[in-house]
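# Descriptive analysis of the structure
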Amino acid sequence: MKQILSVFILLFLFSPSRGQDLAHFADSIRVKNEIPELSYAAFTADSVLVKNVLGFRRSDVQNNETKANTDDYFHLGSNTKAITGFIAGYLVENKKISWATKFFTLFPEWKKDANPAFYEITLLDLLSHRAFIKPYNSGTEFQSLPKFTGTKDEQRKMFVKYLINNDALEKNNETYNYSNAGYSVATAMLEKASGKTWERLLDEVLSKKLHLNYKLGWPNRTDVNQPWGHWIENNKLTPLSPHTDYNLNLIEPAGDISMPISDYIKFVQLNLSGLRGKNTLLKSETYNYLHYGLKDYAIGWLNVNKPDKHSSEHAGSAGTFYCYTLINKDKNVAYIIMANSSTENALDGIFKLLEKLIKTVEKVK
């Protein structure tokens, strides 16, 4: 009864007038901080308190044709990792693989040429950034790679083989060592264990099981009328053409899914529901393991896991969009902010909006 009353109070809080005030604040942030298109939401496990999409899909053309739409796709960047972790949890629950499965159990034929530093790495090590795989978090790392040919799936497999045959990160005392490439290695394991490509796994879980809309890559690469990403060129905010020579094919499972905010809300709500004890496609214990199974960074989620505070978060950007997600398990509330720019100026505005969202919700907490 107390939880139902709390949700009712929150819904009352976001009356049309309050929603308009928040929209006015968000749009002033958008304009001041040069964010062409901005979307945001606050929600509980079963109710959307506020959701809005503002602005224009590209900075250089602002008219009715480019005006923001509630169905617009935003690039999730590294928030994709939580989706890859979710798919891993789905396969673990279906006994296709375990968190403790070792890479070379599935790829024994690759072991003879591999770096011994990787002999014992597991699926959990890879998804929690504890396998000491080099990061590939910047463009310069990719420039030194050999040229891989074939389909995206074939290129990613050659990339994985290259990674395990070459140097590991030096051992250190960090809790984890963030690595986009580690997610490519983990995905090779998921593909081998399931007998399905990454693309088929996405279709099975996101589309068929969860009924979520998504795209791979920048939104404007499949539809030029979708939002364009932006970055700074010649000291000016510049929209990136879909034909720009820039892709994330090799690390797609780490950071290359796009979604409309409504669909991404549904995915995050599943996580929040699971964290609060509800079994959905995954069991509640699996959701808690994904978020809190390891200290600081579990599987696709950074976390604070203390007796008096349980929260998980992640940010994602490939330099052209920005997505931030925060889940407060204890207070049954989550926040999402998405933008088609990730400049320092844009990030400053995004986190001012986040602060406003949190303060607005917590007035009745």
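You'll find the structure just up there.
The sections below set out a description of the structure shown in this document. Note on numbering: residues in each chain are counted from 1, in written sequence order. The model is predicted, so local features are restricted to residues of pLDDT at least 70 and side-chain atom pairs to those at 80 or more, both for listing and for counting; the totals for chains, interfaces and linings are taken over all residues. Only heavy atoms go into the side-chain values, all of them from the structure, while hydrogens and water stay out.

Within a sheet, neighbouring strands are paired by backbone hydrogen bonds and run either parallel or antiparallel to one another. Should DSSP find at least two bridges between two strands, the strands are regarded as paired. Working definition: helices are DSSP H or I runs of at least four residues, strands are E runs of at least two. Numbering for both runs from the N terminus. Pairing is antiparallel across the open sheet formed by 6 strands, whose spatial order is β2-β1-β11-β10-β9-β8. Every other strand in the sheet has two partners, leaving β2 (48-55) and β8 (302-306) as the edge strands with one partner each. The sheet shows a mean angle of 5° between the axes of neighbouring strands, taken without regard to direction. Lying over the sheet, helix α11 (residues 261-275) contacts β1 (37-43), β2, β9 (309-316), β10 (322-328) and β11 (333-339), oriented at roughly 155° with respect to β11. It only takes one pair of heavy atoms within 4.5 Å for two residues to be counted as in contact. Lines fitted to the C-alpha atoms define the axes, with helices restricted to the stretch that makes contact. Angles between their N-to-C directions range from 0 to 180 degrees. Helix α13 (residues 344-362) contacts β1, β2, β10 and β11 of the sheet and is inclined by roughly 155° relative to β11.

With 19 residues, α13 should reach 27 Å at 1.5 Å per residue; the first-to-last C-alpha distance of 27 Å fits that figure. Whether a residue is buried, partly exposed or exposed follows from its accessible area with a 1.4 Å probe, protein chains only, as a fraction of its type maximum: under 20%, in between, or over 50%, in that order. Listed as buried for α13 are Ala346, Gly349, Ile350, Leu353, Leu354, Leu357, Thr360 and Val361. Summarising the axial view, the buried residues of α13 lie within an arc of 145°, below the 170-degree limit, and thus occupy one face. Opposite the buried face of α13, at more than 90 degrees from it, the exposed residues are Glu344 and Lys359. Under the convention used throughout, the expected extent of a helix is 1.5 Å for every residue step, that is, one less than its residue count. Directions are taken from the helix axis to each C-beta atom, and the arc is the one they span.

Taken in spatial order, the 3 strands make up an open sheet running β3-β7-β4, and their pairing is antiparallel. Edge positions in the open sheet fall to β3 (73-75) and β4 (215-216), since each of these has one partner strand only.

Moving on to α11. Along its 15 residues, α11 runs 21 Å from first to last C-alpha, staying within 8% of the 21 Å computed at 1.5 Å per residue. Where burial is concerned, most of α11 is hidden: 13 out of the 15 residues are buried.

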